[in-house]
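Geometric and topological summary
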Amino acid sequence: MKAVLLAAGKGERLHPITETRPKPLVPILDKPLLLWHVENLQRVADELYVVVRSQDKEMVSSLLNGYNVHVIEQKDGIGGTATAFSSLPTMEDFILVYGDVFYNPSLLQKLANFDNAIVGKEVNNPSEFGVLSINDSFLLSIIEKPENPPSRLINAGIYKLSKQIFYYVDKISPSSRGEMEFTDVVNTAVKDGLKMEVIKYDDFWIDIGKPWHVIEANRLALERIETRIDGEIENNVIIKGKVVIEKGAVVKSGTYIEGPVYIGKNSVIGPHSYLREGTVMGSGTKAGASVEIKGSVIMEGTKVPHLSYVGDSVICEDVNLGAGTLIANLRFDENDVKMSIKGKMETSGRKKLGTIIGGHARTGINVTILPGVKIGSYARIYPGAIVNRDVQKGEFFKP
Ligand code: TTP
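To keep things clear, this report deals only with the structure shown in the data block. A quick note: this is a predicted structure, and the numbers were derived from the prediction, not measured. (Residues numbered from 1 in each chain as written. Predicted model: local features only at pLDDT ≥ 70, side-chain atom pairs only at ≥ 80, totals over all residues. Heavy atoms only, no water.)

1. Thoughts on the pattern of salt bridges
The condition is simple: Salt-bridge detection follows one rule: a side-chain nitrogen of Lys or Arg within 4 Å of a carboxyl oxygen of Asp or Glu. Segments assigned H or I by DSSP are reported as helices when at least four residues long, segments assigned E as strands when at least two residues long, and all are numbered from the N terminus. Throughout this description, buried means an accessible area under 20% of the type-specific maximum (1.4 Å probe, protein chains only), exposed means over 50%, and partly exposed covers the range between.
Tallied over the full model, the rule gives 25 salt bridges. Residue lysine 163 is joined to glutamate 92 by a salt bridge in which the shortest nitrogen-to-oxygen separation is 3.6 Å. Here lysine 163 is found in the loop between strand E11 (153-162) and helix H5 (182-191), whereas its partner glutamate 92 is found in the loop between helix H3 (81-86) and strand E6 (93-98), with 71 residues between them in sequence. On the accessibility criterion, glutamate 92 (55% relative accessible area) is exposed. Lysine 351 is the partner of aspartate 336 in a salt bridge, and the nearest nitrogen-oxygen pair spans 3.4 Å. Here aspartate 336, found in the loop between strand E31 (326-327) and strand E32 (338-341), pairs with lysine 351, found in the loop between strand E33 (344-347) and strand E34 (356-357); they are 15 residues apart in sequence, far enough to count as distant. The class for lysine 351 is partly exposed, based on a relative accessible area of 45%. Taken together, the shared-partner salt bridges connect Glu216, Lys294, Asp312 and Arg350 into one network.

Shown next as structure tokens:
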């Protein structure tokens, strides 16, 4: 059997994270999401296809060097998941997965037994997804973001498909949002009589579309780690809960860790830092003296050297936080934190959410960042500033 991964999205809602990396390279436990997918799919498929944007092809190909994967460029023209799909050669029998979902791969084994099947996941907010309308265990249609969802079962973005589906690719037109949608291909096929089973799946699942989902996907992965210590731990370090400490990492004296926490290779933690649950330190990162980090994803090469608090945030690669940089993650009114997504304020559904800082940004000393604020890649924040609005890519924020 073959497997296909659609990974040619723009990932605009994930800005500023995707200002400096394509969405498939967003890390989960310091490993690009794309590699999680490839390793999962290789368990059940002997041939893998990944569809990417032309500008990402080189980066993705070099990441997948050594893996047996065909990297295919998405066709030009109107974008969308159906365009990604139509870029593939015809196949007999295959699994198809959207590149931004994170899930338990044990599901794939079960899927392999069906001719045509779609995975359904029950969620509490179905109106935000494609909702499955079903009859017995068969799909009637996928309804995109309905106001009155017929069920709580949504399209998990994971399918088992047969060759017949290719026949319907040319039978659709652009959706109301101006994209060629793979769900329209599936709806057209089902309407024409194709039997598609709905496989209910109730293990962990997340669609990484918005910046805080990066924290949540990492948290899901963290909850499944087993303690492994390959790095060095100095005397007087206290570790509670599960931790992974990779090779070359050093945890210096006086540090207190409450797992689950992941510390990537060649990182330096401490002396006297406090890493709390849900923290992922990418490779080559630093959390220095009197630094507290909680529920955050710190990407490769980023330094938080002195006297800082980082809560419920994503700090991308090669960022430096000046001494005394403090990130607020809770509003005084304790309402859910909002964030601007493609220019529109959206609720995150989270009481605790700090900041999202793009790659290569710098903050001066004593900078304060308010909840839900995004700081673009390569931005500079003037010492002592209170950052109370989004900062654009490359902007020098000086109040
Ligand atoms: P989306 O999340 O709908 O789109 P996106 O990745 O472009 O993100 P954003 O809306 O934030 O800009 O895409 C769902 C999946 O489909 C994702 O895994 C990427 C894939 N996809 C393609 O392969 N090609 C495309 O043209 C689009 C739009 C998505």
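Moving on, there is more to tell.
2. Focus: the site of the ligand
Condition: Nearness is defined per residue: one heavy atom within 4 Å of the molecule or strand is enough. Distance and chemistry together define a polar contact, namely a pair of N or O atoms within 3.5 Å, with one atom able to donate a hydrogen and the other to accept it when in protein, and with adjacent residues in sequence counting only for side-chain atoms on both sides. Shrake-Rupley sampling with a 1.4 Å probe provides the accessible areas, and residues are treated as covered by the protein chains on show and by no other component. Gly is put with the polar residues, along with every residue not named as nonpolar or charged; the nonpolar set is Ala, Val, Leu, Ile, Met, Phe, Trp, Tyr, Cys and Pro, and the charged set is Asp, Glu, Lys and Arg.
Around the ligand there are 19 residues in total, and Ala8, Lys10, Glu12, Gln74 and Gly80 lie nearest to it. Taking arginine 13, its main chain carries an N or O atom lying 2.8 Å from an oxygen atom of the ligand. The separation between an oxygen atom of the ligand and a polar side-chain atom of aspartate 100 is 3.1 Å. Protein contact buries 89% of the 570 Å² of open area that the ligand shows by itself. Broken down by secondary-structure element, the contributors of at least two residues to the shell around the ligand are strand E1 (2-7) and H3. Taken together, the residues that form the shell around the ligand break down as five nonpolar, seven polar and seven charged.

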